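# Structural characterization, general
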Amino acid sequence: MTERNSLAAMEARAPASANGDAPIPFANPFAQYETYRTEINAAIQSVLEKGHYILGENVAAFEHELSAYLGVENTIGVANGTDALVLALKGLQIGAGDEVIIPSMTAVATAAAVTLTGATPVFADIDPATYNIDPEQVEKRITRKTRALIPVHMYGQTADMASLKAISNKHGIPIIEDACQAHGARYKDGTAGTLGDAGCFSFYFTKNLGAYGEAGMVITDDEKIADRVQLYRNHGHRSKFEHAVMGYNGRLDEIQAAILRIKLKYLDENNQKRRVRAAVYHSLLNDTPLSLPAEAEERTHVYHLYVVRSDRRDGLLEYLSGNGIGVGIHYRTPIHLQEALAPFGFKEGNFPKAEAACREILSLPMYPELSEEDQIYIAERIKEFCSKGKI
Ligand SMILES: *Cc1c(COP(=O)(O)O)cnc(C)c1O
């Protein structure tokens, strides 16, 4: 079990509150299944009855429907978000000897994908106002070996794409967007994933667009990238007996695609519900000492996570969990300080903004089905903690 899996499991099951109220989960994927149960059950059954289970008509239809939703030429369904990143990098022919710039605060998968291709991840610090990669820091990290920039649209809000694109154009370095937390997020008149040279999605079950197993997608308007991703996801098959490259098994299955076709229809509506929940948190918590998420100009945040900041984070976390509120930390340790990265020799202080954020951030429960009543309960417990002089 990966660290994130066990974390997700813990987060989903907060301890029962002392006052006997039902615990409020951190995430609630089952609630969405209940809403669309009839449609989803029928879709799964129809796949089972057809007898074709991998890369079939539902994958093709989901790719087509996502293309239309995003207004992008090529969509290639893959096995998960990590594979989407690996395959997009391979689509750009990136590998050993190349450097790829990524934020120092993101899911470990962003860095893992780079290392899986043989390339070297190079970290850039974040802009603490949005937790997204800081374009000024990116420019400082560019060398002759830099072959791609991977901004991660953290928590559901896009990075500063205008500045990143200016850097990308100036140095001729392509952008791969890690849009795994930002399905449907908008930047000016574009949508997350369509703003660079290629975009990557995960449909892990807690994401804004979530399957009930593993799934991912690479999207791009570039035919060459699309062609290579298509080859690499399925053992290099050009046709049945022709293998153009040494590929990989990064295939998407029919059941997940059939489920995602249904969920995609309701994505905007569910993102809007998340935005309403965020506005409610904002009005309830505005007069507390917590820093609340900031929406940068010309961006529509889709609140994959609602992340607050407190210099007494660990005490607050304990207090809220003790009161039956599921909370999370995304993430507790910046990637450069993880044991897995030890060979790179990073030290505390290398990326101070990411390090400070990791000490202070706390993710509150956030999902479209979260009730206002639960949000009021959460806000009351937060205020209680603050008024006890613990913050
Ligand atoms: C979830 C996530 C991934 C990885 O997706 P998987 O489907 O779990 O492989 C990559 N990057 C970010 C930012 C994520 O949130």
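The structure contained in this document is the topic of the report that follows. All figures in this text were calculated on a predicted structure; none of them were measured in a lab. Residue numbers here run from 1 along each chain, matching the order of that chain's written sequence. A pLDDT threshold of at least 70 governs which residues receive local features in this predicted model, and a stricter bar of 80 or more applies before side-chain atom pairs are shown or counted, although totals over entire chains, interfaces and linings include all residues. For side-chain calculations, the full set of non-hydrogen atoms in the structure is used, while hydrogens and water are omitted.

### A look at the packing of aromatic side chains
Stacked, tilted and edge-to-face are the three classes assigned to paired rings of Phe, Tyr and Trp, where Trp is represented by its six-membered ring and a pair needs centres within 6.5 Å; plane angles under 30 degrees give stacked, over 60 edge-to-face, the rest tilted. Under the definition given, this model contains 14 aromatic pairs. Measuring from centroid to centroid gives 4.2 Å for tyrosine 36 and tyrosine 266, while their planes differ by 10 degrees, and the two rings are stacked. Here the residue tyrosine 36 occupies a position in helix α2 (residues 29-50), and tyrosine 266 occupies one in the loop between α9 (254-265) and α10 (267-285), the gap between them amounting to 230 residues. For the residue pair tyrosine 36 and tyrosine 266, the accessibility class agrees, reading buried in each case. An aromatic cluster of at least three residues, connected via ring pairs, comprises Phe123, Phe344, Phe346 and Phe351. The helix and strand labels rest on DSSP assignments: H or I over at least four residues marks a helix, E over at least two residues marks a strand, and numbering proceeds from the N terminus. Per-residue accessibility, obtained with a 1.4 Å probe over protein chains only, is compared with the maximum for each type, and a residue is labelled buried under 20%, exposed over 50%, and partly exposed between these values.

### Considerations on the packing of α2 against α9
A fitted line through C-alpha atoms serves as each axis, taken over the contacting stretch for helices, and the angle formed by two N-to-C directions is quoted from 0 to 180°. Closest axis-to-axis distance for the α2/α9 pair is 9 Å, and the angle between their directions is 140 degrees. Our classification of the angle between α2 and α9 gives oblique. α2 and α9 meet at a crossing whose hand is right-handed. Between α2, through Gln32, Tyr36, Glu39, Ile40, Ala43, Ile44, Val47 and Leu48, and α9, the contact on the second element is made entirely by Glu254, Ile255, Ala258, Ile259, Ile262, Lys263 and Lys265. An angle below 35 degrees is read as roughly parallel, one above 145 as roughly antiparallel, one from 65 to 115 as roughly perpendicular, and any other as oblique. In this scheme the handedness of a crossing depends on how the near helix is turned from the far one: anticlockwise by less than a right angle means left-handed, clockwise means right-handed. Only heavy atoms matter for contacts: two residues are in contact if any of them lie within 4.5 Å across the pair.

### Topic: the sheet that holds strand β1 (residues 74-78)
Two strands make a pair as long as DSSP finds a minimum of two bridges between them. An order of β1-β11-β10-β7 is seen for the four strands of this open sheet, with the pairing classed as mixed. The two strands at the open ends of the sheet, each matched to only one other strand, are β1 and β7 (176-178). On average, each strand axis in the sheet is tilted by 20 degrees relative to the strand beside it, whichever way the strands run. Across four bridges, strand β10 (residues 198-202) lies against strand β11 (residues 216-220) in antiparallel orientation. Counterpart to glycine 199 in the pairing with β11 is isoleucine 219.

### A word on the pairing of β1
The element β1 is largely enclosed, with a buried count of five among its five residues. Residues Asn74, Ile76 and Val78 point to one face of β1 and Thr75 and Gly77 to the other, with burial holding for every one of them. Alignment of β1 against β11, held across five bridges, turns out to be antiparallel. Within β11, the residue paired with valine 78 across the bridge is glycine 216.

### A few points about the sheet that holds strand β14 (residues 299-300)
Read across the open sheet, the three strands follow the order β9-β8-β14; overall the sheet is antiparallel. In the strand order of this sheet, the two ends are held by β9 (190-191) and β14, each with one partner. As judged from the two bridges shared by strand β8 (residues 186-187) and β14, these two strands associate in the antiparallel manner. What sits directly across from tyrosine 187, in β14, is arginine 299.

### Structural notes on the pattern of salt bridges
We define a salt bridge as a side-chain nitrogen of Lys or Arg found within 4 Å of a carboxyl oxygen belonging to Asp or Glu. Overall, the coordinates contain 18 salt bridges when judged by the stated rule. We note a salt bridge from arginine 359 to glutamate 348, for which the minimum N-O separation is 3.5 Å. Pair noted here: arginine 359 is in helix α12 (residues 352-360) and glutamate 348 is in the loop between α11 (313-322) and α12, with a separation of 11 residues, a long-range link. Assessed through its relative accessible area of 58%, glutamate 348 is described here as exposed. Through salt bridges with shared partners, a single network forms among Arg313, Asp314 and Arg332.

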